[in-house]
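In case you want the letters, here they are:
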Number of protein chains: 2
Amino acid sequence: MADPTRPPKNFHHTVPDGDERERLVCRDCGFIAYENPRIIAGAVVEHDGKILLCKRAIYPQKGKWTIPAGFLEMGEGPDEGAVREAYEEATAHIEIRDLLAIYSVRHISQVHMMYRATLNAPDFAPGFESLEVGLFAWEDIPWDDLAFPSVHWVLAHYREAMGKSGFAPFTNPV
Amino acid sequence: MADPTRPPKNFHHTVPDGDERERLVCRDCGFIAYENPRIIAGAVVEHDGKILLCKRAIYPQKGKWTIPAGFLEMGEGPDEGAVREAYEEATAHIEIRDLLAIYSVRHISQVHMMYRATLNAPDFAPGFESLEVGLFAWEDIPWDDLAFPSVHWVLAHYREAMGKSGFAPFTNPV
Ligand SMILES: [Zn+2]
Ligand SMILES: [Zn+2]
C-alpha cells in the first residue's frame, strides 16, 4: 500500500477553473482535495505550581518533551480539543481556564491555540503517544529537550501571564 | 466531470489501522484524505464610526450581508487571511487592530477568528464575491438581512468591546 498520508499518484497540483490558487486535483475525476491550515490545540496544565509535560513516543521529536497538544478533530472547539489531547497523551482530566496564546506556524500551515488549564488531582499516566508524563517545577523543566519552538514560546508566555487574567492572547514572539 | 468538491466514489469512510476515528480513505490505494476543522478569518472593519459590509454574490446566502471573511489559506496567519479577504471581497486595504472573537461552529467544523480592523481611506468596491459593498452606521446595518449567525455575534461583540483594548477574545454567545 502507498503511504496513506501522501496523495495518490493521479493527484497533481493545478489551478482549477474559477480559482486563483493551486489545489491538489485528481486527474481522473477532478476531485479537489482542499488543503487548509490545521489547528493544533493544546494546554499548559498546572498543578500545585508545577507544569505537566509529556515525553513523546512518536515522531517527529520522539523522546523530547512537550505540553499536551495535537490536531483539532472535526466537530470540536479548540478548547475541547485541548481537553481531549490532555486525556489522550497524559490520561489527565483538565479544566480549561483561558486562552493563553495563538501562534501562526506558517511554513507548515498550522495555527496553534494554546490554553491555560488546571489539573485538579495529580492523576496522570502516559497515553499511547507518550513515553513518560510528569509534573515539573519551573527550574526542573527540561529546557534543552523540548520538542518544538512553540513549547518554548508557550512556557515563556505562561510565565509572563502569571497572576493576570482577561488579557489578549499572546502571539508569535518577534 | 463529477462535483469536484465531493470525494471520488472510490473514497469511503472507515477507521484506518492505528487510528480511532473514521477517515475518508481511498479503496484503491489507501490514501487518507484527512478532514480537519477549517479556519474562517474575518474582520469588523471600521471607518469614521461606520462598519464595512459586503452583500454576497455567491452561495450560500447570496444577496445577504456579511463582514469580509473566508477560509484561511495555506501558509497564512489568521490576521493575514482577514486582510486578504477584505481585499478580495471589498477591494479594501485594512489594518488589523486586535483579535475580537473566536467562535466554534461545531456542526460544520469551523473555527471563526474575527479581528477588529480599520480602513484608512473610504476606498472600496465589490470584489468578485460581492454584489455591493458599503459603510453602515450602527442604526443602518441591515439586521434582518445578515448572512450568518456569526455576523450577528461579531457585531454585538464589536459593540460591547468599544473603547476597550487588551481583552480576552469573545467566544460563542451562550
Ligand atoms: Zn479521482
Ligand atoms: Zn486511490
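In the block above lies the structure referred to throughout.
Because the structure is predicted, anything quoted here is derived from the model rather than measured.

(A) Layout of the nonpolar core. Judged by nonpolar contacts, the single largest core of 40 residues is most densely connected at I94 of chain A together with I94 of chain B. Other than its neighbours up to four places away in sequence, I94 of chain B contacts A43, V45, A82, V83, A86, A117, T118 and L119 of chain B.

(B) Layout of helix α1 (residues 78-90) of chain A. All names here are of chain A. In a regular helix each residue adds 1.5 Å, so 13 residues correspond to 18 Å; α1 covers 18 Å between its end C-alpha atoms and thus fits that length. Burial in α1 covers these residues: P78, G81, A82, R84, E85, A86, E88, E89 and A90. Backbone geometry just downstream of α1 places T91 in the positive-phi region, at approximately 50°.

(C) Fine view of the relation of the copies chain B and chain A. Turning chain B through 180° and shifting it by 0.0 Å along the axis lays it on chain A, with an RMSD of 0.0 Å. Seen this way, the second copy is the image of the first under a two-fold rotation axis. Interface overlap between copies: 98% of the residues of chain B at the interface are likewise at the interface in chain A, consistent with a symmetric, same-surface contact.

(D) Seen up close, the environment of Y34 of chain B. Positionally, Y34 of chain B belongs in the loop between β3 (32-33) and β4 (38-47). Taking C-alpha positions, Y34 of chain B is 6.3 Å from R23 of chain B, a pair spaced 11 residues apart along the chain.

(E) Layout of the packing of aromatic side chains. Residues and elements named next belong to chain A. Overall, the coordinates contain eight aromatic pairs over all chains when judged by the stated rule. Aromatic pair Y103 and W153: ring centres 5.1 Å apart, planes at 75°, arrangement edge-to-face. Residue Y103 is located in strand β8 (residues 94-105), and its partner W153 is located in helix α2 (residues 149-160); the two are separated by 50 residues in the primary sequence.

(F) Just the environment of P169 of chain A, in detail. Topologically, P169 of chain A is positioned in the segment after α2. Judged by its relative accessible area of 13%, P169 of chain A falls in the buried class. Residues P169 of chain A and M113 of chain A lie 56 residues apart in sequence; the distance between their C-alpha atoms is 9.3 Å. Residues in contact with P169 of chain A, not counting those within four places in the same chain, are L99, L100, A101 and I102 of chain A together with L99, F167 and P169 of chain B.

What counts, and at which threshold
- Residues numbered from 1 in each chain as written.
- Chains lettered and ligands numbered in written order.
- Predicted model: local features only at pLDDT ≥ 70, side-chain atom pairs only at ≥ 80, totals over all residues.
- Heavy atoms only, no water.
- Core = buried A, V, L, I, M, F, W, Y, C linked by side-chain atoms within 4.5 Å.
- Buried < 20%, exposed > 50% of the residue type's maximum accessible area, 1.4 Å probe, protein only.
- Contact = heavy atoms within 4.5 Å.
- Helix = DSSP H or I, 4+ residues; strand = E, 2+ residues; numbered from the N terminus.
- Expected span 1.5 Å × (residues − 1).
- Least-squares fit on C-alpha atoms with pLDDT ≥ 70 in both.
- Phe/Tyr/Trp six-rings, centres within 6.5 Å; stacked < 30°, edge-to-face > 60°.

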